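Close look at the chain arrangement
The chain contents come next:
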Amino acid sequence: MSDFFPSPNILLLDKPVHDGQRTLWNEQLSSLPADVSGTIQSLSRDHFSSWAAGGTFDLYDSMKDLSWRILLSIFLQLCPTDEKYSTFETLHETLLRGQFSLFPIAVNTRFWRSPRSKGIDARKQLQELLSRHVQSMDSACPFLRKDIVPLDNVASNVLLFTSSIAVKALASLLTATLSNLFLFPSHPSLADQVRDESLANGPTLLNSILRETERLSPPVVGVMRRVHQDVIFQSPPGQAPIWIPAGWDVWMYFVGAARDSAVYEMGEKFVPERFVSEGAQEGFAFGAGPKTCLGRDTVREIVKGVANVALVLDIRLE
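As recorded in an unreviewed UniProt entry, the protein goes by Cytochrome P450 and comes from Cryomyces minteri.

Listed below in structure tokens is the structure:
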């Protein structure tokens, strides 16, 4: 991953360097969700207004378009009419194809370039463009607003926050959220239940639906981590402990963990009110522990903002 999202990058840092940098980034972005709430609602209203003409559309593609608009607006102050907007989007897509190419070798000849080679070149172009663009934004960039994070860290982290990976993950979560709100078999519909002001737990129910959607439909199904020291996991009674030697790569499967029947009653089913009461164990859509996704609170604000606008406009997905 470091070829496409190189250091300095908080995602790739390990202890003890990570802890200090994480503290800085937490402080830098602490006010971001509240700061961008109005922007999210405005962009969402504009986006949903295009549905008024009727006709069919692909919900995921529509949410992907909205995700690009929101992320490039929040972090780069760009809109689709800006020339840089399409440039950033195209380069990010080229980077993504290179990162996940089934031909994982960079080949650059007169006659053919491999997707990985093109992806690495796109990453270099993006870093240069992002570095210049962010500096031209000055304090308008949320990564510079509090002047806490060193400038040389900014371009590398903006590269990740505005990446195709982030856009596709957000689009997936938005698609699942709107599908659950408007299409989950319930009478009255979940959307109507949340909208009904006579239900005292309306906002609480919406929050529960959002957390339950994260649990069952995490946009990132898991992550790979390399073990730096021997780890022993305790097993259920009657089974031997699991030993993971240092140096092994471990795949942490968020989807499976969030459906563990030992933790969640009816773990395979969508239960809208699961998180209405306090104490339910959240899923792992944003990881857990010291490396919980830095963008978690911002993403949750985006999803909640889009959902609220959809509810107010009473969109139809049937």
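After that view, the rundown keeps rolling.
**Regarding the overall build of the protein**
Of regular secondary structure, the protein possesses 11 helices and 4 strands. Computed over the C-alpha atoms, the radius of gyration of the protein is 21 Å, within 12% of the 20 Å expected from 2.2 N^0.38 for a compact globule of 318 residues. With respect to the three principal axes, the spread of C-alpha positions in the protein is 60 × 60 × 45 Å. Across the 318 residues in the protein, those meeting the buried criterion constitute 44%. Excluding contacts between residues fewer than 6 apart, the proportion of contacts in the protein whose partners are at least 24 apart in sequence is 71%. Of the roughly 17,000 Å² of accessible surface on the protein, a fraction of 54% belongs to carbon and sulfur atoms. Here the protein contributes 30 positive and 35 negative side-chain charges, whose respective centroids are spaced 6 Å apart.

**Details of the pattern of salt bridges**
Enumeration according to the criterion identifies 17 salt bridges in this entry. Its salt-bridge partner being Arg-145, residue Asp-35 comes within 3.3 Å of it at the nearest N-O pair. You can see Asp-35 sitting in helix H2 (residues 32–49) and its partner Arg-145 sitting in the loop between helix H5 (115–137) and helix H6 (151–161), a full 110 residues away along the chain. A salt bridge links Asp-65 to Arg-69; its shortest N-O distance comes to 3.4 Å.

**Side note on helix H3 (residues 59–76)**
The end-to-end C-alpha distance of H3 is 25 Å, a good match for the 26 Å that 18 residues give at a rise of 1.5 Å each. In terms of residue burial, H3 counts as a mostly covered element, since 14 of its 18 residues are buried. The opening residue of H3, the one whose side-chain oxygen lies 3.0 Å from the backbone nitrogen of Tyr-60, is Asp-58. Phi turns positive, to about 55°, at Gln-77, one or two residues after H3.

**Brief notes about unusual backbone geometry**
Look at the link from His-187 to Pro-188: it is a cis peptide, with omega at -5°. With respect to the secondary-structure elements, Pro-188 resides in the loop between helix H7 (164–183) and helix H8 (190–195). The phi angle at Gln-77 is positive, at roughly 55°, despite the residue not being glycine. Gln-77 gets classed as partly exposed once you look at its relative accessible area, which sits at 46%. Notably, Met-266 is not glycine yet its phi reads approximately 55°, a positive angle.

**Looking at the packing of aromatic side chains**
In this description, an aromatic ring pair is defined by two values, namely the gap between the centres and the angle between the planes. The tally for this structure, following the rule as stated, stands at 9 aromatic pairs. Look at Phe-75 and Phe-143: their rings are 5.4 Å apart centre to centre, the planes differ by 15°, and that puts the pair in the stacked class. Of this pair, Phe-75 sits in helix H3 while Phe-143 sits in the loop between H5 and H6, and the two are 68 residues apart along the sequence. One exposure class covers both Phe-75 and Phe-143, and it is buried. An aromatic cluster is defined as three or more aromatic residues linked by ring pairs; in this entry it consists of Trp-25, Phe-75, Phe-143 and Phe-161. Above the plane of the ring of Tyr-264 lies Arg-215, whose end atom (NZ or CZ) is 4.9 Å from the centre.

**What about a nonpolar patch on the surface?**
On the surface, Phe-103, Ile-105, Phe-111 and Trp-112 cluster together into a nonpolar patch covering about 480 Å² of accessible area. Inspection of the secondary structure puts Trp-112 in the loop between helix H4 (83–99) and H5. On the basis of relative accessible area, Trp-112 is assigned to the partly exposed category, the value being 43%.

Criteria and thresholds
Residues numbered from 1 in each chain as written. Predicted model: local features only at pLDDT ≥ 70, side-chain atom pairs only at ≥ 80, totals over all residues. Heavy atoms only, no water. Helix = DSSP H or I, 4+ residues; strand = E, 2+ residues; numbered from the N terminus. Rg over C-alpha atoms; globule rule 2.2 N^0.38 Å. Buried < 20%, exposed > 50% of the residue type's maximum accessible area, 1.4 Å probe, protein only. Contact = heavy atoms within 4.5 Å. Areas by Shrake-Rupley, 256 points an atom, 1.4 Å probe, with all protein chains shown as cover. Lys, Arg positive; Asp, Glu negative; His and termini not counted. Charge placed at Lys NZ, Arg CZ, Asp CG, Glu CD. Salt bridge = Lys/Arg side-chain N within 4 Å of Asp/Glu carboxyl O. Expected span 1.5 Å × (residues − 1). Polar contact = N/O pair within 3.5 Å; in protein donor to acceptor, adjacent residues only side chain to side chain. Phe/Tyr/Trp six-rings, centres within 6.5 Å; stacked < 30°, edge-to-face > 60°. Lys NZ or Arg CZ within 6 Å of the ring centre and 35° of its normal. Patch = residues over 30% accessible without salt bridge, like charges linked within 9 Å, V, L, I, M, F, W, Y side chains within 5 Å.

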